[in-house]
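Breakdown of the fold
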Amino acid sequence: MAAARFSETVTGDVRDGVLVVTIDNPPVNALSADVRDGLMAALDHAEASADIVGVAVTGAGRIFIGGADIREFGKPPVEPHLPDVLDRIENFPKPVIAAVNGAALGGGCEVALACHGRIPGEKASFGLPEVKLGIVPGAGGTQRLPRLVGIPAAIDMTGTGRSVKPEEAARLGLADKIAADPVAEAAQLARAVAGTPLRRTGALTVPVADVAIVEAATKKVLSKARGQASPGEAVRLVRAAAEMSLKGGLAEERATFIRLRDSREAAALRHVFFAERAAGKLDKLEGVAPREVKIVGIVGTGLMGAGIAVATLTAGYRVVGVEQTAEAAAAGRNRIAGMLDKAVESGRLSAASRDESLARLTVVADAAELTPADLVIEAVFDDLTVKTDLFRKLDGIVRADAILATNTSYLNPDEIAATTAHPERVVGLHFFSPANIMRLTEVVDCKATAPDVLATALAFAKKLGKLPIVCGVTEGFIGNRIYSAYRREAEFMVEDGAEPQEVDAALEAWGFPMGIFTVNDMAGLEIAWAKRKRQAAMRDPKERYVEIPDRLCEAGRFGRKSGRGWYDYSSGHRAVDPQVTALIETARAAKGIVPRRFSSEEIVARLLKAMADEGSALLAEGIAARASDIDLVMINGYGFPAYKGGPMFASASPS
Ligand code: 3H9
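With an unreviewed UniProt entry as reference, the protein chain is termed 3-hydroxyacyl-CoA dehydrogenase, source organism Ollibium composti. The Subcellular location (unreviewed entry) comment attached to the protein chain in UniProt states, word for word, "Peroxisome". Per its UniProt entry, the protein chain bears the Pathway (unreviewed entry) comment "Lipid metabolism; fatty acid beta-oxidation."

1. Regarding the domain arrangement of the protein chain
Partitioning the protein chain into structural domains gives domain 1 (4-266), domain 2 (293-473) and domain 3 (483-652). Counting from both sides, the interface comprises 12 residues of domain 2 and, opposite them, eight residues of domain 3. In this assembly, domain 2 packs against domain 3 so that about 850 Å² is buried in total across both faces, 66% of it on carbon and sulfur atoms. At the boundary of domain 2 with domain 3, the tally comes to zero salt bridges. At the boundary of domain 2 with domain 3, the tally comes to one residue pair in polar contact (both at pLDDT 80 or more). For the side of domain 2 that touches domain 3, the secondary structure elements donating two or more residues are strand 17 (440-444) and strand 18 (467-471).

2. Here's the deal with the sheet that holds strand 11 (residues 295-299)
Picture the strands of a sheet paired through backbone hydrogen bonds; they go either parallel or antiparallel. The eight strands are arranged 13-12-11-14-15-16-17-18 in an open sheet whose pairing can be described as mixed. Two strands close off the open sheet at either side, each with one partner strand: strand 13 (361-364) and strand 18. Strand-to-strand twist in this sheet, taken as the mean axis angle between neighbours without regard to direction, amounts to 25°. Of the strand pairs in this sheet, strand 15 (residues 403-406) and strand 16 (residues 426-431) are connected by three bridges, and their pairing is parallel. Its bridge partner lying in strand 16, Leu 404 is registered against Val 426. Across the sheet, helix 15 (residues 384-395) touches strand 11, strand 14 (375-378), strand 15 and strand 16, and the angle it forms with strand 15 is around 170°.

3. So, the environment of Gly 138
Structurally, Gly 138 is set in the loop between strand 9 (125-127) and helix 4 (141-149). Taking the relative accessible area as the measure of exposure, Gly 138 reaches 9% and is therefore buried. For the pair formed by Gly 138 and Ile 258, sequence separation is 120 residues and the distance between their alpha carbons is 7.8 Å. The contact partners of Gly 138, leaving out residues within four places of it in the chain, are Pro 83, Glu 110, Glu 253, Arg 254 and Phe 257.

4. Quick notes on a positive patch on the surface
Among the surface-exposed residues, Arg 71, Lys 75, Arg 277, Lys 281 and Lys 462 lie close enough to one another that they form a single positively charged patch. Within the secondary structure layout, Lys 462 lies in helix 17 (residues 451-463). Given the relative accessible area of 46%, Lys 462 is considered partly exposed.

5. A word on the site of the ligand
Residues in close proximity to the ligand total 28 residues, the closest being Arg 62, Gly 107, Glu 110, Glu 130 and Arg 277. Within the backbone of Ala 68, one N or O atom sits 2.8 Å away from an oxygen atom of the ligand. The protein chains hide 76% of the 1000 Å² of surface that the ligand would expose on its own. Of all elements in the fold, only helix 3 (107-114), helix 10 (246-261) and helix 11 (264-278) reach the threshold of two or more residues within the shell around the ligand. Each residue belonging to the shell around the ligand can be placed in one class, and the counts come to 15 nonpolar, five polar and eight charged.

6. Structural notes on the sheet that holds strand 7 (residues 103-105)
Across the sheet, four strands lie side by side as 5-7-9-10; this open sheet has mixed pairing. With one partner strand each, in any of the chains shown, strand 5 (63-65) and strand 10 (163-164) form the two edges of the open sheet. Sheet analysis places strand 9 next to strand 10, joined by two bridges and oriented antiparallel. Bridge pairing in strand 10 places Phe 126 opposite Val 164.

7. Section: the pattern of salt bridges
If you walk through the whole model with that rule in mind, you get 46 salt bridges. Ionic pairing is found between Glu 168 and Arg 162, a salt bridge with its closest N-O pair at 2.8 Å. Judged by its relative accessible area of 32%, Arg 162 is partly exposed. With a shortest N-O distance of 2.8 Å, Glu 621 and Arg 481 are connected by a salt bridge. Taken together, the residues span a long stretch of sequence, with Glu 621 in the loop between helix 24 (600-620) and helix 25 (627-637) and Arg 481 in helix 18 (residues 477-496) at a distance of 140 residues.

8. What to know about the side chain of Asp 445
Along the chain, the position of Asp 445 falls in the loop between strand 17 and helix 17. Once you skip the residues sitting within four places of it in the chain, Asp 445 turns out to touch Lys 284, Leu 454, Val 470, Cys 471, Gly 472 and Val 473.

9. Focus on the nonpolar core
Ile 478, Val 503 and Phe 640 are the most contacted members of the largest nonpolar core, which has 59 residues in total. Looking at which element gives the most residues to this core, the answer is helix 18, with nine residues. Counting only domains with at least three residues in this core, you end up with domain 2 (293-473) and domain 3 (483-652). Sequence-distant contacts of Phe 640, that is, excluding residues within four places in its chain, are made with Trp 510, Phe 512, Leu 608, Met 611, Met 634, Ile 635, Gly 646, Pro 647 and Ala 650. Val 21, Ala 46, Cys 115 and Ala 124 belong to the second-largest nonpolar core, a separate cluster that totals 56 residues.

10. Focus: the pairing of strand 13
Side-chain alternation along strand 13 places Leu 361 and Val 363 on a buried face and Thr 362 and Val 364 on a face that remains uncovered. Note: strand 12 (residues 318-322) against strand 13, four bridges, orientation parallel. Following the sheet pairing, Val 319 is matched in strand 13 by Leu 361.

11. Regarding the layout of surface pockets
Roughly 350 Å³ of internal volume is contained in the second largest pocket. Lining the second largest pocket we find 17 residues, and of these Val 299, Glu 323, Gln 324, Val 380 and Leu 390 sit closest to its centre. At five residues, the largest contribution of residues to the lining of the second largest pocket is made by helix 15. When grouped by side-chain class, the residues that make up the lining of the second largest pocket number 10 nonpolar, three polar and four charged.

12. Digging into unusual backbone geometry
Cis geometry is found at the peptide bond from Pro 26 to Pro 27, where omega equals 5°. When you line up the elements, Pro 27 lands in the loop between strand 3 (18-23) and helix 1 (33-48). A cis amide bond links Glu 79 to the next residue, Pro 80, at an omega of -5°. Along the chain, Pro 80 falls in the loop between strand 5 and helix 2 (82-90). At Asp 16, a residue that is not glycine, the phi angle is positive and equals roughly 45°. Relative to the helices and strands, Asp 16 is located in the loop between strand 2 (10-15) and strand 3. A relative accessible area of 66% places Asp 16 in the exposed class.

13. Observations regarding helix 23 (residues 578-590)
Along its 13 residues, helix 23 runs 18 Å from first to last C-alpha, staying within 8% of the 18 Å computed at 1.5 Å per residue. For helix 23, the full list of buried residues reads Val 580, Leu 583, Ile 584, Ala 587 and Arg 588. Each buried residue of helix 23 sits inside an arc of 135° when the element is viewed along its axis, so together they form one side. What points out from helix 23, more than 90 degrees from its buried face, is the exposed set Pro 578, Gln 579, Thr 586, Ala 589 and Ala 590. For helix 23, the N-terminal cap is Asp 577; the gap from its side-chain oxygen to the backbone nitrogen of Gln 579 is 2.9 Å.

Thresholds applied
Residues numbered from 1 in each chain as written. Predicted model: local features only at pLDDT ≥ 70, side-chain atom pairs only at ≥ 80, totals over all residues. Heavy atoms only, no water. UniProt positions renumbered as here; feature names shortened; annotations may be inferred. Domains from an automatic or database assignment. Contact = heavy atoms within 4.5 Å. Buried area = accessible area lost by both parts, 1.4 Å probe. Salt bridge = Lys/Arg side-chain N within 4 Å of Asp/Glu carboxyl O. Polar contact = N/O pair within 3.5 Å; in protein donor to acceptor, adjacent residues only side chain to side chain. Helix = DSSP H or I, 4+ residues; strand = E, 2+ residues; numbered from the N terminus. Pairing = 2+ DSSP bridges. Axes fitted to C-alpha atoms, helices over the stretch in contact; angles between N-to-C directions. Buried < 20%, exposed > 50% of the residue type's maximum accessible area, 1.4 Å probe, protein only. Patch = residues over 30% accessible without salt bridge, like charges linked within 9 Å, V, L, I, M, F, W, Y side chains within 5 Å. Areas by Shrake-Rupley, 256 points an atom, 1.4 Å probe, with all protein chains shown as cover. Lys, Arg positive; Asp, Glu negative; His and termini not counted. Charge placed at Lys NZ, Arg CZ, Asp CG, Glu CD. Near = heavy atom within 4 Å. Nonpolar A, V, L, I, M, F, W, Y, C, P; charged D, E, K, R; others polar. Core = buried A, V, L, I, M, F, W, Y, C linked by side-chain atoms within 4.5 Å. 1 Å grid on protein atoms, 1.4 Å probe; cavity = no way out; pocket = protein on both sides within 12 Å on 5 of 7 lines; lining within 4 Å. Points joined across faces, edges and corners; volume = space filled by probe spheres on them. Expected span 1.5 Å × (residues − 1). Arc of directions from axis to C-beta.

So, in structure tokens, the structure goes:
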């Protein structure tokens, strides 16, 4: 048979009696109504054709199926529904085998689960990431997965949304055999099992699991959920699979899926999903090709520079680290090697990748070694003179087409760029610490930055696995500017009568992993104090200024490191300190403020508004390109709960 077309996106061709059905629905072969239609038509054809003994289902391109079409979520559902398609596959009289050529996610994984066998290729992965979208699997994932892998592994996968690679899938019982050519192997398997009793996932008994292990797996998921509903719901449904019939479990799952799909949490997480895909896309970069980057120079190999080096090395680049002395260079190399070792220990990196990374690293005390670099990132002390001296020097060392990036947090990169002969090649790359772990990177588009320099910085950050957000030049960029407004508002409320612990408790109950005063204590109070002292002369005397943080620092309370800050840590954990309470009361009295009570709702609402107002100012000033970029910065750099969508989303649609 020549290739048959079952719908716009589904085709099939018969190979030695097996109908190979290919889903071709770019970009990710999502299960749109047309794909579901095509699958049904292909099954009709296979059932009616006596010369077809079985079916293999695969995806065109590098993805098997990326899941349900998330863009259809807000629209009325269209038949055939995915659960009905999967019911048809599971009960099909002829074998249907999944040839998993790439990622099988969400509904894509559920298609594979409903098949009578699963053959992953080497690039395949299986995952039920629905909880990351605030929902649960809605086409049998929570019921069929535990029948194949057992309750504890299914709790882990559905509760965290984690994907598994072919080897782990095979170990868990999710994959039958890993194949270099999954389509050929799946067709082979279909032929081999044709005419024999088929292994229908829904008919399998859920393996009995040790209660303690199930409880431990549940606890692990719930402890990370922090107020988000979907992980707990996914776990509940998986556990129900052991107690309910397939039919009952599927009905319960479907009802939960529909309820959560329409929830605020799901809307927020969908917003985050599309925000991440939109980030870094700028009209002005349309058609601008990034420059090629192979060798990256990193000046300064302290904690930040070493973190950047690790992220750069593990992304496959050559790195030339530069320090001022041979001793500092040796220490920098050790620091980087230590971080790579840690990544191996924690399973984030293979030992082979660590060795390859180290082989691509040199750390020297001679800046002249930066001559071949395509991109040089400075991560030296955040002082304007230090940085401008360095950039002037680099200007004379690097090639004319090399890019210079500054990792400054608070200085004005335009001022740094202005001291160079070619400000158009200067860009900001503001990594967050630890730079090898944190995804967020603010890419600062300076006044003179050339478009291809910006495009290169974005492409580079993406290659590092980062989430790059473009921002214009402003004090503290997007994140620290919003954080300052957030902190200022929290301090106003404390001065007006809220206790720091009440503010923190309200934020933590709302979903932040840590309240703002606890975060400040973690970060240390002395840097902000030094900055306030520097800026004291420039302060507008009419502007409200809360002295309490200064009083804390004057009392030697610099935060967690010093054992005391907004809280006392002498017992090993944070405790309310009567001395701080007294200090706050004194400060209020000095200003004649009569303290009043604040409800948790008011605390959260005022802090959200402060963040959103500052975000609106950033948009009006053209510093941020879109509101969703601001949301991503706060979620990925400042602990804002993703399932609330970020400050701009949360204040635009308050609960
Ligand atoms: C589900 O399945 C529910 C079921 O249980 C129940 C059903 C009843 N739909 O990420 P990329 C777009 S829930 C629509 O840059 P990559 C994306 O917006 C779903 N669109 O590519 C982007 O568009 P644009 C569970 C989607 O190669 C483009 O594709 N599945 C979908 O880096 C490229 O995306 C998931 O949660 C979708 N499902 O990574 C998986 N997915 O170019 C979500 C992507 O206009 N997807 N798009 O900006 C992913 O994790 C990644 O996209 C994937 C590819 C790993 C597949």
